[in-house]
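A look at the structure
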Amino acid sequence: MKATGIVRRIDELGRLVIPKEIRRSLHIRESDSIEIYTDQNGDIVLRKYARMRELGEYAPAIVQSLSSVFNCTAALTDTETVLAAYGSKRNRIQERRLSESLSSSIRKRKSLVLDETRQGAMELFAEPCEPFAACCAVPIVAEGDPVGSILLFWDESRPGIEQTELLAQKWIVTFLGKLLEQ
């Protein structure tokens, strides 16, 4: 663990204030959920809660299936980070932090299609990444809250994303959202 040199007292109601600097560096916003647990040493650990982590061992199989069906590079994200990726270019996106504009689209429950007809001025990742010819992002919503997305990337030039691809992707995110609600 990284020492911050910041010490806080717990108040009479058991509350603890997380310093602004730490909230900013971890991208924790007001109303975000925080997971609290103890590790094997008995230390208390606070971590930003990501419902998508509940898919755990299934995430690699999900993206591998998507990659095979759509013949592309596929990724599963929470609202801020790529959790799992599969396909020929997975190393370009694995564990990357999403750009603020893509995270914002997910939080607003907006699907995103970038292809030849809509050249994307939008950056998809926080750090520069070799561009893809086309991308389709559809948010996953569970219990009314956006919790992540499925991203599909193609390297070859495409005149447009097929309507059937977008509909299939929307069906999959609806299924994942329902799965996370159980």
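Description of the structure in this document.

**Remarks on the side chain of Q169**
Mapped onto the secondary structure, Q169 falls in helix 5 (residues 163-181). At 2.9 Å, the side chain of Q169 forms a polar contact with the backbone oxygen of I150. Residue contacts for Q169: discarding those within four places in its chain leaves F70, C136, A137, V138, I150, L151 and L152.

**With respect to the packing of aromatic side chains**
In total, this model carries three aromatic pairs according to the counting rule given. Centroid distance W171 to F175: 5.8 Å. Interplanar angle 10 degrees. Geometry classified as stacked. Note that W171 and F175 are positioned in helix 5 at a spacing of four residues, about one turn of the helix. With a relative accessible area of 59%, W171 lands in the exposed category. Classification of F175 by relative accessible area gives partly exposed; the value is 45%. Of the aromatic side chains, those joined through ring pairs into one cluster are F125, F132 and F153. Stacked on the ring of Y86, the Lys or Arg R90 has its end atom at 5.3 Å from the ring centre. One cation-aromatic arrangement involves R92 over F132; the distance from NZ or CZ to the ring centre is 3.8 Å.

**Comments concerning the environment of A85**
In this fold, A85 is placed in strand 4 (residues 82-86). Judged by relative accessible area, which is 9%, A85 ranks as buried. On a C-alpha basis, the gap between A85 and T38 in space is 29 Å, while along the polypeptide they are 47 residues apart. Dropping the residues within four chain positions of it, A85 is found in contact with V63, A74, A75, R90, I93 and Q94.

**Observations concerning helix 5**
In this model helix 5 runs 27 Å from its N-terminal to its C-terminal C-alpha over 19 residues, within 8% of the 27 Å that 1.5 Å per residue would give. For helix 5, the complete set of buried residues consists of E165, L166, Q169, I172, V173, L176, G177 and L180. Buried residues in helix 5, looked at end-on, bunch into an arc of 140 degrees, giving them a common side. Those residues of helix 5 that are exposed and angled more than 90 degrees off the buried face are Q163, T164, L167 and W171. Looking at the buried positions of helix 5, the neighbouring elements they touch are helix 2 (59-70), strand 3 (73-77), strand 5 (112-114), strand 6 (134-142) and strand 7 (145-154).

**Focus: the nonpolar core**
L66, L76, I140, I150, L152, W154 and L176 are the most contacted members of the largest nonpolar core, which totals 27 residues. Put simply, the parts of the chain that give this core at least two residues each are helix 2, strand 3, strand 6, strand 7 and helix 5. Dropping the residues within four chain positions of it, L66 is found in contact with N71, C72, A74, I150, L152 and I172. In this structure, A75, I93, F125 and F153 belong to the second largest nonpolar core, which totals 16 residues.

**Focus: the sheet that holds strand 6**
What the five strands build is an open sheet, ordered 4-3-7-6-5; its pairing is antiparallel. Of all strands in the sheet, those with a lone pairing partner are strand 4 and strand 5, marking the two edges. Taken over all neighbouring pairs, the strand axes of this sheet differ in orientation by 15 degrees on average, direction set aside. When strand 3 meets strand 4, the two strands line up antiparallel, connected through four bridges. Paired with A74 across the two strands is Y86, which belongs to strand 4. In the packing of helix 2 onto the sheet, contacts are made with strand 3, strand 4 and strand 7, and the angle to strand 4 comes to roughly 45 degrees.

Each value, and the rule that gives it
In this numbering scheme, every chain counts its residues from 1 along its sequence in written order. Predicted model: local features are reported for residues with pLDDT of at least 70 only, side-chain atom pairs are reported and counted for 80 or more only, and whole-chain, interface and lining totals are derived from all residues. Remark: hydrogens and water are excluded; side-chain values derive from all non-hydrogen atoms of the structure. Secondary structure elements are defined from DSSP: runs of H or I of at least 4 residues count as helices, runs of E of at least 2 residues count as strands, and each element is numbered from the N terminus. Polar contact is the term for a pair of N or O atoms within 3.5 Å; when the atoms are in protein, one must be able to donate a hydrogen and the other to accept it, and sequence-neighboring residues count only if both atoms are side-chain atoms. The contact criterion used throughout is that any non-hydrogen atoms of two residues lie within 4.5 Å. By convention, a stacked pair of Phe, Tyr or Trp rings (six-membered ring in the case of Trp) has centres within 6.5 Å and planes under 30 degrees apart, an edge-to-face pair has planes over 60 apart, and any other such pair is tilted. Only protein chains enter the accessibility calculation, which uses a 1.4 Å probe; a residue is then buried when its area is under 20% of its type maximum, exposed when over 50%, and partly exposed in between. The criterion for a charge sitting over a ring is simple: Lys NZ or Arg CZ within 6 Å of the ring centre, and within 35 degrees of the ring normal. A helix is expected to span 1.5 Å multiplied by its residue count minus one. Think of it as the arc spanned by the lines of direction from the helix axis to the C-beta atoms. Note on terminology: a nonpolar core comprises buried Ala, Val, Leu, Ile, Met, Phe, Trp, Tyr and Cys residues joined through side-chain atoms within 4.5 Å. At least two DSSP bridges between two strands are needed for those strands to be called paired. Only C-alpha atoms enter the line fits that serve as axes; for helices the fit covers just the stretch in contact. Angles between N-to-C directions range over 0 to 180 degrees.

Without other data, these values stay purely geometric and don't point to any function.
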